[in-house]
Amino acid sequence: MALWGGRFTQAADTRFKQFNDSLRFDYRLAEQDIVGSIAWSKALLSVNVLTEEEQQRLELALNELKMEVMEDPEQILASDAEDIHSWVEQQLINKVGDLGKKLHTGRSRNDQVATDLKLWCRQQGRQVLMTLDQMQNQLVNVASQHHDTVLPGYTHLQRAQPVTFAHWCLAYSEMFERDYSRLEDAIKRLDTCPLGSGALAGTAYAIDRENLAYNLGFRRATRNSLDSVSDRDHVMELMSVASISMLHLSRMAEDLIFYNSGESGFIELADTVTSGSSLMPQKKNPDALELIRGKTGRVYGSLAGMMMTVKALPLAYNKDMQEDKEGLFDALDTWNECMAMAALCFEGIKINKERTLEAAKQGYANATELADYLVSKGIPFREAHHIVGVAVVEAIRRGMPLEDLSLDELKVFSPVIEEDVYEILTIESCLSKRCAKGGVAPHQVRYAVEEAQKRLDTRVSSDIQVRPARLTDVESLEGMVAYWANMGENLPRSRNEIVRDIGSFAVVEHNGEITGCASLYVYDSGLAEIRSLGVEAGWQGQGQGAAIVHYLVNKARNMAINKVFVLTRTPEFFMKQDFLPTSKMLLPEKVLKDCEQCPRQHACDEVALEVNLNEQLIMQTTSL
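The structure presented is a predicted model; accordingly, all values stated were derived computationally and were not measured.

A. Structural detail: the packing of helix α14 (residues 367-376) against helix α15 (residues 381-398). Between α14 and α15, the shortest axis-to-axis distance is 9 Å and the interhelical angle comes to 135°. Taken together, α14 and α15 sit at an angle that is classed as oblique. α15 is crossed by α14, and the crossing has right-handed handedness. Contacts from A367, L370, A371, D372, L374 and V375 of α14 reach α15 at F381, A384, I387, V388 and V392. Residue classes in the contact of α14 with α15 are distributed as 10 nonpolar, no polar and 1 charged.

Pasting the structure below:
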């Protein structure tokens, strides 16, 4: 059933329905729509539209639906629902009956889709940040192995001056560093919550939108309802960052394709990222790189299409905006996939050092050094430039490099040239003289590699930092705890509770941003519980959860605690951290009392696990 059918006396034409419906692509927003719906149910409870019992029933049903979606997202496509919002509402009504029809009170699909999309952009943007980080790490790693690998540098595709392969790698690392920074900025700007803006004029209920924003993990609520439902700047900004980054990937791919060609022979790509010819058995084609280059235009097209769609739209929402998702999904998927494939291309890459050195010596790449030599002898640069140009013409005529000309032959061009000229015409001299910061001198390249590695080491993907929580972290903790409580993974904790128990919390920190948290709650008789474990959406899968659990278990061990337990719906994760299943009946009565706050208390699907620190200590002592 359509969400808007009451106004109409005739059913929609099936052709219009197929043209109008968006479920075939916006099904990817299912989890975000469900999370937003849970937060909205709590907002409706706060203004007495829902009773506490109704809200808990809705939250339980929505969490069940979220688990079903996570297990099989594509089940949604079997439905004939108009969009993901209709599908979620239909499934909710199937679970709780007419109560499900109350959830949309005070909410519009306009602020709903705007919220869903921002939640998705934030999570997907963080995933791409990690892929960018991996790409840079790969480049810096390769650079560290090729400090001394000489490579001809080019301008206008003409050999210009010698560089090193390490310097070339670092050039692209710098480009991806700017992409990383742009993406971080874009994520910060989109971190505002439109929910509660209604169709265009705001909701008719006195909902605390700032609290609603915190519950969804946003930094703040949006400030204007008209702008909130019509804003797609974040879509275009992410596409713009993707386009610039794809430009960098395409340039890098073009360089590598050229270096891999038979005419250059500088590198050989691994078999794992190349393909052959159906006709010519000798061929080994750089298909991965060519596809990266080709897919760049596809991402550009998404950005251009979106900007053309939005450029003349009046306020506020218009159906044209439905065109935002397919292009965005494809652009970010393509960018992420190309970045990962580019990193893969550096695995098993072989550099032909002899060939690159030979090529660097050709093309009179040391001509500038000869001009600088003449300047050092008192000849003005413009005159020196002309003298060397004449010398190069003669060397070309004779088919020999400048350094093979005899001293007498060189003196024909300028009498100031002496025997010391030969030491400055070597490749080593050409490189070492570029000694200013950012140059190709070996010590500068080594310094650049070290600095790049330091920057990368500050990122959570390569260096997870866990520390005790501070009072200054309360706002971040409140938002994160509320987010995972809305997801049904943790019990809710009020701000006062978090402040009171700040000493029990630990956090994961990334560049000054809190990206994960958990607390260690201590009971009587040597027992402690890990609570409120959560990692920010988009930062999962990087070892943060494991690191913070390990930190808290060590903290418990230092406090002489006997056992640490946890109640969880993800037992597999904790079993990897050496926790073992136990019975909930063995837990203290206070633990079970806390469960009264949980909307799932009558249909609890949590598993109890524990780690016995005394037994671990005995085993470690015995092994010694």
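Now that the structure has been shown, the text picks up again.
B. Up close: the sheet that holds strand β12 (residues 580-581). Taken together, 7 strands build an open sheet; the order of strands is β7-β8-β9-β10-β11-β13-β12 and the sheet is mixed. The sheet is open, and its two edges are formed by β7 (465-468) and β12, each paired on a single side. In terms of strand pairing, β12 meets strand β13 (residues 607-612) through 2 bridges, oriented antiparallel. The residue bridging L580 from the neighbouring strand is E610, located in β13. Against the sheet, helix α22 (residues 544-558) contacts β7, β8 (505-510), β9 (513-522), β10 (527-535) and β11 (563-568), and its axis sits at roughly 35° relative to β9.

C. Geometry of helix α11 (residues 287-310). In this model, α11 (24 residues) spans 35 Å end to end at C-alpha, consistent with the 34 Å of a helix rising 1.5 Å per residue. Along α11, the residues that are buried comprise A288, L289, I292, T296, V299, S302, L303 and M306. On its buried face, α11 sits against α10 (233-260) and α12 (324-345).

D. Focus on the packing of helix α3 (residues 30-46) against helix α5 (residues 84-96). Running from amino to carboxyl end, α3 crosses α5 at an angle of 60°, the nearest separation of the two axes being 10 Å. With respect to their mutual orientation, α3 and α5 come out oblique. As α3 runs across α5, the sense of the crossing is right-handed. Across from A30, D33 and I34 in α3, the residues of α5 making contact are I84, H85 and V88.

E. Representation of the packing of aromatic side chains in the model. If you walk through the whole model with that rule in mind, you get 13 aromatic pairs. With centroids separated by 6.4 Å and ring planes inclined at 45°, the aromatic side chains of W168 and F346 adopt a geometry described as tilted. Residue W168 is found in helix α7 (residues 165-189), and its partner F346 is found in the loop between α12 and β6 (350-351); the two are separated by 178 residues along the sequence. Per residue, the accessibility class of W168 equals that of F346, and both read buried. Aromatic pair Y521 and Y523: ring centres 4.9 Å apart, planes at 65°, arrangement edge-to-face. Exposure remark for Y521: the relative accessible area of 21% places this residue in the partly exposed category. Here Y523 falls in the buried class, since its relative accessible area comes to 9%. Among the aromatic residues, ring-to-ring pairing joins Y154, F165, W168, Y172, F258, Y259, F266 and F346 into one connected group. A cation over an aromatic ring shows up here: R28 above the ring of F329, its NZ or CZ 4.8 Å from the ring centre.

Cut-offs used in this document
Residues numbered from 1 in each chain as written. Predicted model: local features only at pLDDT ≥ 70, side-chain atom pairs only at ≥ 80, totals over all residues. Heavy atoms only, no water. Axes fitted to C-alpha atoms, helices over the stretch in contact; angles between N-to-C directions. Helix = DSSP H or I, 4+ residues; strand = E, 2+ residues; numbered from the N terminus. Parallel < 35°, antiparallel > 145°, perpendicular 65-115°, else oblique. Left-handed = near helix turned anticlockwise from the far one by under 90°. Contact = heavy atoms within 4.5 Å. Nonpolar A, V, L, I, M, F, W, Y, C, P; charged D, E, K, R; others polar. Pairing = 2+ DSSP bridges. Expected span 1.5 Å × (residues − 1). Buried < 20%, exposed > 50% of the residue type's maximum accessible area, 1.4 Å probe, protein only. Phe/Tyr/Trp six-rings, centres within 6.5 Å; stacked < 30°, edge-to-face > 60°. Lys NZ or Arg CZ within 6 Å of the ring centre and 35° of its normal.

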